[in-house]
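# Report on the structure
Residues per chain are reported as follows:
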Amino acid sequence: MMKKIYIKYFAIAVLSLLTFNSCLDEEGVFKENGSSGIVELNLPARSTSTPFAVKVTTIEVEDEIELPIEVNYTGVNPAPKDIEVELAIVDESIAVYDPSGTTLALPTANYELPASNVITIPKGQKKATYTIKLKPKTFDLTKSYALAVKIVKASLGTVSGNYSTGIYILPVKSPWEGTYTVNYQWYKGGGYGTADETYTETGVALTTQGPGVLRASYVGYWFGGYTEYTIYPSSVGVFVFSGSARTTGVVDSEVDTDNLTFRVRYWFISPANYELEETYTRTGN
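The following refers to the structure shown. Starting from 1, residues in each chain are numbered consecutively following that chain's sequence as written. The predicted nature of this model means local features are confined to residues of pLDDT at least 70 and side-chain atom pairs, given and counted, to a pLDDT of 80 or more, with totals for whole chains, interfaces and linings taken over all residues. Excluded from the side-chain calculation are hydrogens and water; included are all heavy atoms of the structure.

### Some remarks on the sheet that holds strand 6 (residues 111–112)
Worth spelling out the cut-off: When DSSP locates at least two bridges between a pair of strands, those strands are taken to pair. We count a stretch as a helix when DSSP gives it H or I for four or more residues in a row; a strand needs E for two or more, and each element gets its number in order from the N terminus.
Spatial ordering of the open sheet is given by 6-8-3-1-10, a layout of five strands whose pairing is mixed. Both edges of this open sheet fall to strand 6 and strand 10 (158–159), since each of them pairs with a single strand only. Relative to strand 8 (residues 127–134), strand 3 (residues 65–73) runs antiparallel, the two being bridged by eight bridges. Bridge pairing in strand 8 links Glu-70 to Thr-129.

### Description of the environment of Val-90
What counts here: Think of it in three bands: with a 1.4 Å probe and only protein chains considered, a residue is buried below 20% of the maximum accessible area for its type, exposed above 50%, and partly exposed in between. Contacts: residue pairs with any heavy atoms within 4.5 Å of one another.
Within the secondary structure, Val-90 is located in the loop between strand 4 (83–89) and helix 2 (92–97). By relative accessible area, which is 9% here, Val-90 ends up buried. The sequence separation of Val-90 and Gly-166 amounts to 76 residues, and the corresponding C-alpha distance is 9.6 Å. Ignoring any residue separated from it by four or fewer positions in sequence, one finds Val-90 in contact with Ala-148, Val-149, Lys-150 and Thr-165.

### A look at the pairing of strand 11 (residues 165–169)
A large share of strand 11 lies buried, amounting to five of its five residues. Along strand 11, one buried face is formed by Thr-165, Ile-167 and Ile-169 and the opposite face, lined by Gly-166 and Tyr-168, is buried too. Of the pairings in the sheet, the one linking strand 2 (residues 53–56) to strand 11 comprises four bridges and is parallel in character. Pairing of Val-54 across the sheet is with Ile-167, part of strand 11. Here five bridges tie strand 9 (residues 144–154) to strand 11, and the two strands are oriented antiparallel to one another. Each bridged residue has a counterpart across the sheet, and for Lys-150 the counterpart in strand 11 is Thr-165.

Here's what the structure looks like:
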């Protein structure tokens, strides 16, 4: 009688173990929402306080930069066959990510998409890359840009619920930050007196204050305070802070992004009316 009981319990234990192993094989180790074989964007972990996962890539100001968008097939095993994944740019997701409007969708003129919006994760592998070509020299450096990329569908597996859309933030490292030789041309009524005055200073530092905004100590290297320059693609804006300075206006300006040189002629009131032309030539980092 006792032997029959042992045999019975042994059979139940074996059956339970086989059933448990079968469940593990079906579900897999890596899963999301109870599913295995997830197709997702390769992004940093998303917090519950943000609607999308975010990746920050600092951009150098060059003619062309590649932005790789990596897509993963998760799970214990690699792709059992070729998996076609369709991607799309979803500008509307930028406003969801940043309702304040500070972060803008990168204009289409500033980047180039691949010939096809479908990439393939090859059989036996777990990753594929969708490469977007950025054109940083066409960026408006006074603005903060991002690209929103979404997995539209996949031919196999489950599209991730948490990592199907990603926000790729694209801060631009200001090419203008560094040291300069500056030529100052004061016009009558400003600077050292009633006559036009010209002089040059070396080692003048420009430091980044925000997107496209750089600051130099002093005003014309003669007044106290500071001068801020906003570098646009083909012009320069100026803000003067010096004692009682009240108004600033730009007469004309020009920008050479290839040689990191800019010229700006402007006036300000502090309290007299001064007019000054500055030419900045980059000499070092």
